[in-house]
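# Structure assessment
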Amino acid sequence: MPRFAGVDYLHIDSLFNEQELLVRQTARQFVEDRVIPIIRECFRDARFPKELIPELGQLGFLGANLEGYGCAGMSNVEYGLVMQELERGDSGLRSFVSVQGALVMYPIHTYGSEEHKQRWLPKMAKGEAIGCFGLTEPGFGSNPAGMKTRARKDGGDWIIDGEKTWITNGSVADVAVVWARTDEGIRGFLVERGTRGFSTSEIHGKLSMRASVTSSLAFSDCRVPESNMLPCAKGLKAPLSCLTQARYGIGWGATGAAMDCYETARQYSILRKQFDDRPIASHQLVQEKLAWMITEITKAQLLAIQVGRVKDQGKLDPSHISMLKKNNVAMALECARLSRDLLGANGIMDEYPIMRHMCNLETVKTYEGTDHIHTLVIGERVTGVAAYK
């Protein structure tokens, strides 16, 4: 396949300024040069390409839209474009960057003490320290308010007991942002690798997100000092605000995966010949699928840009993110399926990226808010009536 030149049916690039286009080109070049050549083997071997972490830090992609402490201070649109390009490479890579920045660095930046920020953020921005986010439990995914992990006060310490699962980066993280129920409500804690009573185990056998580390976290009489509590994180709104940051990146990232599938199928349909030595792109049913894909990708691009602009203006509501995540991920998954169809039997081969994207997107549709939950968030926004129970 030739190098990726972008997908821009409706002069979308005219909506970006020079700096935004430069950031996107930097991310695009990184994916072309460093990700595409190795990602097929990483997916085959279920290996996260950890050798790319220092480069992600050098490029300013870790905690990219945070200010200070060694972070790049990008706008949210610039950050979104980075997520788009990274997920065009692979959802697992975008997921690593998203968790590091939106689910670990963001809560430390927003809810942590100055000591927390000085200790962790510069190292995490460089990729010298890795973090994970412990919210989901074996029995509570879509209903985090039902969490059973508890933290109880014991002198000047907190003792944590419980379990978290489906945690990206969990078994390679230097620090975990862990949410637990206390007598004063849900609170966040920084639990460092090696803390007594804290153990991790990697989840194996995944048919999706294979180039990503997914783990379970276990806490048994895990003692952490009072100073490891995030002082400004009180109640469930704190972890949910972190998820809002991450879901925003997913909305952009899924669009990148869709672009890769569409462009692969478009080029294939022009080169592949059937029936009187004509390219299959000359057939109506093929063109119908390509027309649907480019239309939906264009709509997804416009949605992502508008949400990004609103976020940069400080006017964002979490329900806006729900529409972005729900629409763009579902669109990307359907693009992957249509693209696989257009490639026929070749569509299932890992010589092409489509089946890898399709498998990954099945996870992306579920994690950080399922399609169903985001539907209900939108429904509550437009009716004023919650329908979760």
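Residues numbered from 1 in each chain as written. Predicted model: local features only at pLDDT ≥ 70, side-chain atom pairs only at ≥ 80, totals over all residues. Heavy atoms only, no water.

## Things to note about the overall build of the protein
- Along the protein, the regular secondary structure elements total ten helices and ten strands.
- The C-alpha radius of gyration of the protein comes to 21 Å, within 12% of the 21 Å expected for a compact globule of 389 residues.
- Its C-alpha atoms give the protein principal-axis dimensions of roughly 80 × 45 × 40 Å.
- Evaluated residue by residue, the protein yields a buried proportion of 54% over its 389 residues.
- With the model as given, the accessible surface of the protein reaches about 16900 Å², and the carbon-plus-sulfur share is 52%.
- Averaging the positions of the 46 positive and the 46 negative side-chain charges in the protein gives two centres separated by 3 Å. (Helix = DSSP H or I, 4+ residues; strand = E, 2+ residues; numbered from the N terminus. Rg over C-alpha atoms; globule rule 2.2 N^0.38 Å. Buried < 20%, exposed > 50% of the residue type's maximum accessible area, 1.4 Å probe, protein only. Areas by Shrake-Rupley, 256 points an atom, 1.4 Å probe, with all protein chains shown as cover. Lys, Arg positive; Asp, Glu negative; His and termini not counted. Charge placed at Lys NZ, Arg CZ, Asp CG, Glu CD.)

## A closer look at the pattern of salt bridges
- In this structure the tally under the stated criterion is 27 salt bridges.
- Here Arg24 ties to Asp13 by a salt bridge, and the two come within 2.7 Å at their closest N and O atoms. With Arg24 in helix H1 (residues 18–45) and Asp13 in the segment before H1, this residue pair connects regions lying eleven residues apart in the sequence.
- On the basis of relative accessible area, Arg24 is assigned to the buried category, the value being 11%.
- For Glu32, the salt bridge identified is with Arg88, shortest N-O distance 3.0 Å. One end of the pair, Glu32, is in helix H1; the other, Arg88, is in helix H3 (residues 76–89), and 56 residues separate them in sequence. (Salt bridge = Lys/Arg side-chain N within 4 Å of Asp/Glu carboxyl O.)

## Overview of the environment of Val307
- Inspection of the secondary structure puts Val307 in helix H7 (residues 284–312).
- Residue classification places Val307 among the buried positions, given a relative accessible area of 6%.
- Separated by 86 residues in the primary sequence, Val307 and Asp221 place their C-alpha atoms 43 Å from one another.
- In contact with Val307, other than residues within four places in its own chain, are Tyr248, Leu316, His320, Ile321 and Leu324. (Contact = heavy atoms within 4.5 Å.)

## Considering the nonpolar core
- Of all hydrophobic cores here, the largest spans 65 residues; its most connected members are Phe30, Leu56, Leu86, Trp179 and Trp252.
- If you tally residues by element for this core, the top one is helix H4 (residues 91–111), at eleven residues.
- Formed by 34 residues, the second largest nonpolar core is a distinct cluster that contains Val7, Ala336, Leu342 and Ile354. (Core = buried A, V, L, I, M, F, W, Y, C linked by side-chain atoms within 4.5 Å.)

## Topic: the packing of aromatic side chains
- Inspection of the entire model under this criterion finds eight aromatic pairs.
- Above the plane of the ring of Tyr248 lies Lys311, whose end atom (NZ or CZ) is 5.4 Å from the centre. (Phe/Tyr/Trp six-rings, centres within 6.5 Å; stacked < 30°, edge-to-face > 60°. Lys NZ or Arg CZ within 6 Å of the ring centre and 35° of its normal.)

## Notes on a nonpolar patch on the surface
- The grouping of Tyr9, Leu10, Leu15 and Leu302 at the surface amounts to a nonpolar patch, some 400 Å² of accessible area in total.
- Here Leu302 shows up in helix H7.
- By relative accessible area, Leu302 is classed as partly exposed at 35%. (Patch = residues over 30% accessible without salt bridge, like charges linked within 9 Å, V, L, I, M, F, W, Y side chains within 5 Å.)

## Points about the packing of H1 against H3
- Two numbers describe how H1 lies on H3: the axes approach to 8 Å, and their chain directions differ by 20°. Looking at the two axes, H1 sits roughly parallel to H3. The two elements H1 and H3 cross, and the hand of that crossing is right-handed. Here Gln19, Glu20, Val23, Arg24, Ala27, Arg28, Phe30, Val31, Glu32, Val35, Ile36 and Ile39 of H1 lie close against H3, whose contacting residues are Val77, Glu78, Leu81, Val82, Gln84, Glu85, Leu86, Arg88 and Gly89.
- Here the residues of the contact of H1 with H3 are counted per class, giving eleven nonpolar, three polar and seven charged. (Axes fitted to C-alpha atoms, helices over the stretch in contact; angles between N-to-C directions. Parallel < 35°, antiparallel > 145°, perpendicular 65-115°, else oblique. Left-handed = near helix turned anticlockwise from the far one by under 90°. Nonpolar A, V, L, I, M, F, W, Y, C, P; charged D, E, K, R; others polar.)

## Brief notes about the side chain of Arg28
- Here Arg28 is to be found in helix H1.
- Setting aside its immediate chain neighbours within four residues, Arg28 contacts Phe4, Ala5, Gly6, Gln84, Glu85 and Arg88.

## Some details on the environment of Ser95
- With respect to the secondary-structure elements, Ser95 resides in helix H4.
- Accessibility expressed as a relative area gives 1% for Ser95, which makes it buried.
- In sequence terms Ser95 and Trp252 are 157 residues apart; their C-alpha atoms lie 12 Å from each other.
- Filtering out sequence-adjacent residues up to four positions away, Ser95 remains in contact with Thr168, Met209 and Tyr367.

## Some words on helix H8 (residues 318–342)
- With 25 residues, H8 ought to run about 36 Å at 1.5 Å a step, and its terminal C-alpha atoms sit 36 Å apart, in line with that.
- Directly beyond the C-terminal end of H8, a positive phi value near 60° is found at Gly344. (Expected span 1.5 Å × (residues − 1).)

## Describing the state of the cysteines
- Evaluated as defined, the whole model comprises zero disulfides.
- Cys261 supplies the cysteine sulfur nearest to Cys335, a cysteine that is in no disulfide, at a spacing of 7.3 Å.
- Taking the relative accessible area as the measure of exposure, Cys335 reaches 0% and is therefore buried.
- Note on Cys359: no disulfide assigned, nearest cysteine sulfur contributed by Cys261 at a separation of 11 Å. (Disulfide = S-S within 2.5 Å.)

Nothing here speaks to function; it is geometry throughout.
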